[in-house]
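Observations on chain architecture
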Amino acid sequence: MTPAKITVSALALLAASAATAAAQEQIQVAGSSTVLPYATIVAEAFAENTDFPAPVVEGGGSGAGLKQFCAGVGQNTIDVANASRPIKASELEECRANGVENVMEVQFGYDGIVFASSINGPDFVLTPADIYRALAAEVVMDGATVANPAMTWADVNPALPAQQITVFVPGTKHGTREVFEEKVMAAGCEASGDLEEMTGLADADTAEAACTALRTDGRSIDIDGDYTETLARINSDPNGIGVFGLSFYENNTDKLKVATIDGVAPSVETVASGEYPVSRPLFFYVKKDHFGTVPGLKEYAEFFVADAIAGPGGPLADYGLVPDPELAAVQSAIADETVLSAAN
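So, here is what we can say about the structure in this document. All values reported here derive from a predicted model rather than from experimental measurement. Throughout, a residue's number is its position along its own chain's written sequence, starting from 1. Reporting in this predicted model follows two pLDDT cut-offs: at least 70 for local features of residues, and 80 or more for side-chain atom pairs to be given and counted; totals over whole chains, interfaces and linings ignore these cut-offs and use all residues. Heavy atoms throughout the structure, all of them, feed into the side-chain values; hydrogens and water do not.

As for the state of the cysteines
In a disulfide, the sulfur atoms of two cysteines are covalently bonded to one another. Our working definition of a disulfide is a cysteine sulfur pair at a distance within 2.5 Å. Inspection of every chain in the model, using the stated rule, returns two disulfides. A sulfur-sulfur separation of 2.0 Å characterises the disulfide bridge that pairs Cys70 with Cys95. Measuring the twist about the S-S bond at about -70 degrees, one finds the Cys70-Cys95 disulfide to be left-handed. Here Cys95 lies in helix H4 (residues 89–97) and Cys70 lies in the loop between helix H3 (62–69) and strand S3 (80–83), a separation of 25 residues in the sequence. For the residue pair Cys70 and Cys95, the accessibility class agrees, reading buried in each case. There is a disulfide in this structure between Cys189 and Cys211, and the S-S distance comes to 2.0 Å. Handedness of the Cys189-Cys211 disulfide follows from its S-S torsion of about -45 degrees: it is left-handed. Separated by 22 residues along the polypeptide, Cys189 in helix H7 (residues 175–192) and Cys211 in helix H9 (residues 204–212) bring together distant segments of the chain. Throughout, exposure labels follow a simple rule: accessible area from a 1.4 Å probe, protein chains only, divided by the maximum for the residue type, with under 20% read as buried, over 50% as exposed, and the rest as partly exposed. For Cys189, a relative accessible area of 0% puts it in the buried group. In DSSP terms, a helix is any run of H or I states spanning at least four residues, a strand is any run of E spanning at least two, and both are numbered starting from the N terminus.

Structure follows, in structure tokens:
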């Protein structure tokens, strides 16, 4: 091998080593679109207030983030997964099967799930039963399960606007979708009486699955991107209603009008009090296996849940987060490096 070739190879090796070192020094975060803006705020503040570089924060959805997180340990895996729902037992099992033995769960606050439409559109006063009746693939009519015939909101409830049903729902990789299915579709199915009737027509598991199955005829439309895509779809469709996180809505009140659910308007106050029925805790998961190899990882977790960041009056609350009243216990768990023994 010539000296020139040796030099080029050596330079290439040095460049690769430098790139690897840079990747190891920067915390990698991915996951929930709902948590994304909060994590972005924290990452910027973390870099400004510490000697560590800003973490790289990406979205993709809770399920996708946790899949990346559980892929293994080492340079090509992420350090933190953001999630708008708790990790599943199956995901934790996948983590452990791939060598991710020490997972720390951090619940840092709460958010509401809201239904919002164009600011120039009609007011919507909804219940979970209304939404279920509008979006379920099948409903019970005259003692039988039939394909959902409703085309307008007035078909569902005469008190609602005679506006075509078009709802933009987060896709299945998003944690918001799972909470929507549980707290809106399943709750609405039960409240409408359909769950009881369907259980009489089939077994309980089939009935529960039918309660959360959405229409595929264009009335319910999955959105795989983030909330900005949903907003864009509403801007181009005056009949559209979007499913959003409360914080996104509160930062776009000049464009969106929010529906009440069970007579309660979503707000930080009504979510905090439990009065608003569609809310959920927010999480991020930390790979303790990377402590000591990824500089600043534990410090990032501690910084995220500090009173000045995630507490009342902090920048996350200013953006729309409902602070966790048990924040002190969360801070202690991080300080003690407490890991999950099982999924919740």
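Some thoughts on the pattern of salt bridges
By definition here, a salt bridge exists when the distance from a side-chain nitrogen of Lys or Arg to a carboxyl oxygen of Asp or Glu is within 4 Å. Enumeration over the complete set of coordinates arrives at 13 salt bridges. The shortest N-O distance in the salt bridge between Glu178 and Arg85 comes to 3.3 Å. Placement of Glu178 in helix H7 and of Arg85 in the loop between S3 and H4 is noted, with a sequence separation of 93 residues between them. In this structure, Asp254 engages Lys255 in a salt bridge whose closest nitrogen and oxygen atoms are separated by 3.5 Å. Accessibility expressed as a relative area gives 53% for Asp254, which makes it exposed. What makes Lys255 partly exposed here is its relative accessible area of 34%.

A closer look at empty space enclosed by the protein
Method remark: on a 1 Å grid restricted to protein atoms, a set of points is classed as a cavity if a 1.4 Å probe fits but cannot get out and as a pocket if it is open with protein on both sides within 12 Å along at least five of seven lines; lining residues have an atom within 4 Å of a point. Grid points are joined across faces, edges and corners, and a volume is the space filled by probe spheres set on the points. A full pass over the atoms with the stated rule returns one cavity of 30 Å³ or more. Estimated volume of the largest cavity: approximately 80 Å³. Counting residues per element, the ones that place at least two in the lining of the largest cavity are H7 and helix H10 (227–236). Gly falls in the polar group here, along with every residue not listed as nonpolar (Ala, Val, Leu, Ile, Met, Phe, Trp, Tyr, Cys, Pro) or charged (Asp, Glu, Lys, Arg). Residues that form the lining of the largest cavity fall into these classes: three nonpolar, 10 polar and one charged. Two domains share the lining of the largest cavity, each providing at least three of its residues, namely domain 1 (23–110 + 280–335) and domain 2 (112–279). Domain start and end points were adopted from an automatic or database domain assignment.

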